[in-house]
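Below are the chains, spelled out letter by letter.
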Amino acid sequence: MTTLDTHPAQAPETTGPAPYRWRWPALFVILAGSVMELLDATVTNIAGPTMRADLGGGTSMIQWLGAAYTLAMTAGLLTGGRLGDIVGRRRMFLIGATGFVVGSLLCAVSFSPETVIAARVVQGLFGAAMVPQGLGMMREMFPPTELRAALGMFGPVMGLSAIGGPILAGWLADADLLGTGWRMIFLINLPVGLATLAAALRFLPASRPARSLTLDLPGAALASLGTLLVVFPLVQGREYGWPAWAFAMMAASAAVFALFGRYETRRSGRGRDPLVAPSLFRKRSFVGGLFTGTIYFSAFTGFGLVFNLYTQLGLGYSPLKAGLAGVPLSVGMIVGMGLVQALRGHGRRLLHAGALIMTTGVIALLLILGAEAGPWQFAPALLVTGVGSGLIMGPYFEIALAGVEPHEMGSASGTLTALQQVGAALGVALLGTVFFGATGGDPTAAARQTFWVVAGMVALTFLAGFLLPRQGREDAEPGH
């Protein structure tokens, strides 16, 4: 899942040309693209076991369905926003939406684990080209008096999508419409995507490219390689009996990230645009935000995957029933983020309270796991877990960006947005591996072991939170 970063690099101008005439229809086009991407980021958590039963492959195939998408999204996000500045945001949105539809079609016609995973990479790359263009276009279209209201629409729309997405995926997988089975979860993107493209051609404004900007492709390649060197052995190492090359790859990732840091420093020193401003890593608040975010996003994403796996592989739920069982988690997260809006002045204390509440919910859930438990028994613990997660997520970006200078804001916010995808990929790899490695014929025992790991990760999030400043930025916009 990609959140639309809403931290402006500079304050909006208070004067300027008349507002764009079709700004509100254009906003709904941007929302449609974001919803389409959000839904496809999570559908395989529900449909994964069904897809594996049809296509074959090992248990790691289920992990790669999500990890391949998020890794590709990460790689694309590192350059997607900058490409919009260079060639025009409307053009990049159209390219991204077109590629996303093509990727969805490739997923639907896949005939093996390798082909569907490759198609998920295509989806992720083009989704990363599409989604980052929205905020830039909104700043161009809306006057300051309307921008906050426009940004505020993302929260409810994304919240409803988070609730409805798993239900829709489960229903489509179960309904077997026209004999398509799980493939309909991707085929549905064709009419939606084509309608979005038609509306984009009609309503999105053309933007003037900034030709003076340059891409940092070597930096993006190094960052993507470093992440892949961690995720690949975590996903595949267990199936191959943890050979030496798995640990060598993880060790090599540290060297690649060190090389990335050195390259970015040299590039910045030459007066060229770096992918990540090196000065950010000298700020304790930002580095603390990186640690806190990586742990939290890994824990939350991996938790959702493992719960869906447990309900289907352990309890025999259908995809639709599994999707419905997880709804309280999404509802709780929406409630938690709503509480953040009312309690914003408490800053870092909200994040710490959220970590404690989320840990309580996870422990409560693992204590009631078993064949006798059903969706209604899971609901209270999932609701508490979701509320805690929302209290962490709500203030996170504002607090992590508190010590960032205005000229660093674009680089910092883009890095944190990409980090969300990195954390998601790590969570799927790490916690999926814990679950499948501990199964041994007893999914309940495996789920308990995995949820204890989740509880420990959330406790680490609480501790890492002390590296963050007490309050967030006063000029941060809502609607992550």
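Before going into details, it helps to say that this report is about the structure given with it. What you are looking at is a predicted structure, and each value in this text was computed from that prediction instead of being measured. (Residues numbered from 1 in each chain as written. Predicted model: local features only at pLDDT ≥ 70, side-chain atom pairs only at ≥ 80, totals over all residues. Heavy atoms only, no water.)

1. Comments concerning the packing of helix H17 (residues 409-438) against helix H18 (residues 443-464)
Right, so step 1: In the contact formed by H17 and H18, the axes pass within 8 Å of each other and the chain directions differ by 150°. Our classification of the angle between H17 and H18 gives roughly antiparallel. Helix-helix and strand crossings are classified by hand; for H17 and H18 the assignment is right-handed. Two secondary-structure elements touch here, H17 through Leu430, Leu431, Val434, Phe435 and Ala438 and H18 through Pro443, Ala446, Ala447, Gln449, Thr450, Val453, Val454 and Met457.
Right, so step 2: Classifying every residue of the contact of H17 with H18 gives eleven nonpolar, two polar and no charged. (Axes fitted to C-alpha atoms, helices over the stretch in contact; angles between N-to-C directions. Helix = DSSP H or I, 4+ residues; strand = E, 2+ residues; numbered from the N terminus. Parallel < 35°, antiparallel > 145°, perpendicular 65-115°, else oblique. Left-handed = near helix turned anticlockwise from the far one by under 90°. Contact = heavy atoms within 4.5 Å. Nonpolar A, V, L, I, M, F, W, Y, C, P; charged D, E, K, R; others polar.)

2. Re the environment of alanine 299
Right, so step 1: Its place among the elements puts alanine 299 in helix H12 (residues 284-314).
Right, so step 2: Residue alanine 299 is classed as buried on the basis of its relative accessible area of 1%.
Right, so step 3: It is 18 Å that separates the C-alpha atoms of alanine 299 and phenylalanine 232, two residues lying 67 residues apart in sequence.
Right, so step 4: Apart from residues lying up to four places away in sequence, alanine 299 is in contact with Leu431, Val454, Met457 and Val458. (Buried < 20%, exposed > 50% of the residue type's maximum accessible area, 1.4 Å probe, protein only.)

3. Observations regarding the packing of aromatic side chains
Right, so step 1: Counted under the stated rule, the structure contains 16 aromatic pairs.
Right, so step 2: Look at phenylalanine 435 and phenylalanine 436: their rings are 5.4 Å apart centre to centre, the planes differ by 75°, and that puts the pair in the edge-to-face class. Here phenylalanine 435 matches phenylalanine 436 in class, with each residue buried.
Right, so step 3: Cluster of aromatic residues (ring-pair linked, three or more members): Tyr296, Phe297, Phe300, Tyr396 and Phe397.
Right, so step 4: In this structure, arginine 202 packs its charged tip against the face of tryptophan 22, placed 4.6 Å from the ring centre.
Right, so step 5: Its guanidinium or amino end placed over the ring of tyrosine 317, lysine 321 lies 4.3 Å from that ring's centre, counting from NZ or CZ. (Phe/Tyr/Trp six-rings, centres within 6.5 Å; stacked < 30°, edge-to-face > 60°. Lys NZ or Arg CZ within 6 Å of the ring centre and 35° of its normal.)

4. Looking at the nonpolar core
Right, so step 1: Grouped together as the largest cluster of nonpolar side chains are 95 residues, with contacts concentrated most on Val231, Leu365, Phe378, Leu416 and Phe451.
Right, so step 2: Counting residues per element, this core draws most heavily on H17, at 13 residues.
Right, so step 3: Residue contacts for phenylalanine 378: discarding those within four places in its chain leaves Phe307, Tyr310, Leu315, Tyr317, Leu365, Ile368, Leu369 and Ala373.
Right, so step 4: Counting 33 residues, the second-largest nonpolar core is a separate cluster that includes Phe93, Ala97, Leu147 and Ala200. (Core = buried A, V, L, I, M, F, W, Y, C linked by side-chain atoms within 4.5 Å.)

5. A short note on the packing of H12 against helix H16 (residues 375-400)
Right, so step 1: Close contact between H12 and H16 brings their axes to 11 Å; oriented N to C, the two are set at 155°. It follows from the interaxial angle that H12 and H16 lie roughly antiparallel. The handedness of the crossing between H12 and H16 is left-handed. Contacts between H12 and H16 involve Ser285, Phe286, Gly289, Leu290, Thr292, Gly293, Tyr296, Phe297, Phe300, Phe303, Phe307 and Tyr310 from the first element and Phe378, Leu382, Thr385, Ser389, Ile392, Met393, Tyr396, Phe397 and Ala400 from the second.
Right, so step 2: Here the residues of the contact of H12 with H16 sort into 15 nonpolar, six polar and no charged.

6. Things to note about the side chain of arginine 120
Right, so step 1: Note on placement: arginine 120 falls in helix H4 (residues 113-130).
Right, so step 2: There is no salt bridge for the buried arginine 120, and the closest opposite charge comes from aspartate 40, which lies 4.4 Å off by N-O distance.
Right, so step 3: Of the polar contacts made by the side chain of arginine 120, one reaches the backbone oxygen of leucine 65; its length is 2.8 Å.
Right, so step 4: Discounting chain neighbours no more than four positions away, the residues touching arginine 120 are Asp40, Ala41, Thr44, Leu65, Gly66, Ala68, Tyr69, Cys107 and Phe186. (Lys, Arg positive; Asp, Glu negative; His and termini not counted. Salt bridge = Lys/Arg side-chain N within 4 Å of Asp/Glu carboxyl O. Polar contact = N/O pair within 3.5 Å; in protein donor to acceptor, adjacent residues only side chain to side chain.)

7. Some thoughts on the pattern of salt bridges
Right, so step 1: For the structure shown, the criterion picks out seven salt bridges.
Right, so step 2: The closest approach of N and O atoms between glutamate 140 and arginine 89, which form a salt bridge, is 2.3 Å. Remark: arginine 89 occurs in helix H3 (residues 89-108) and glutamate 140 occurs in helix H5 (residues 133-141); sequence separation between them is 51 residues.
Right, so step 3: Assessed through its relative accessible area of 18%, arginine 89 is described here as buried.
Right, so step 4: Arginine 267 is the salt-bridge partner of aspartate 216, the closest N and O atoms lying 3.8 Å from each other. Taken together, the residues span a long stretch of sequence, with aspartate 216 in the loop between helix H9 (189-203) and helix H10 (217-236) and arginine 267 in helix H11 (residues 244-269) at a distance of 51 residues.

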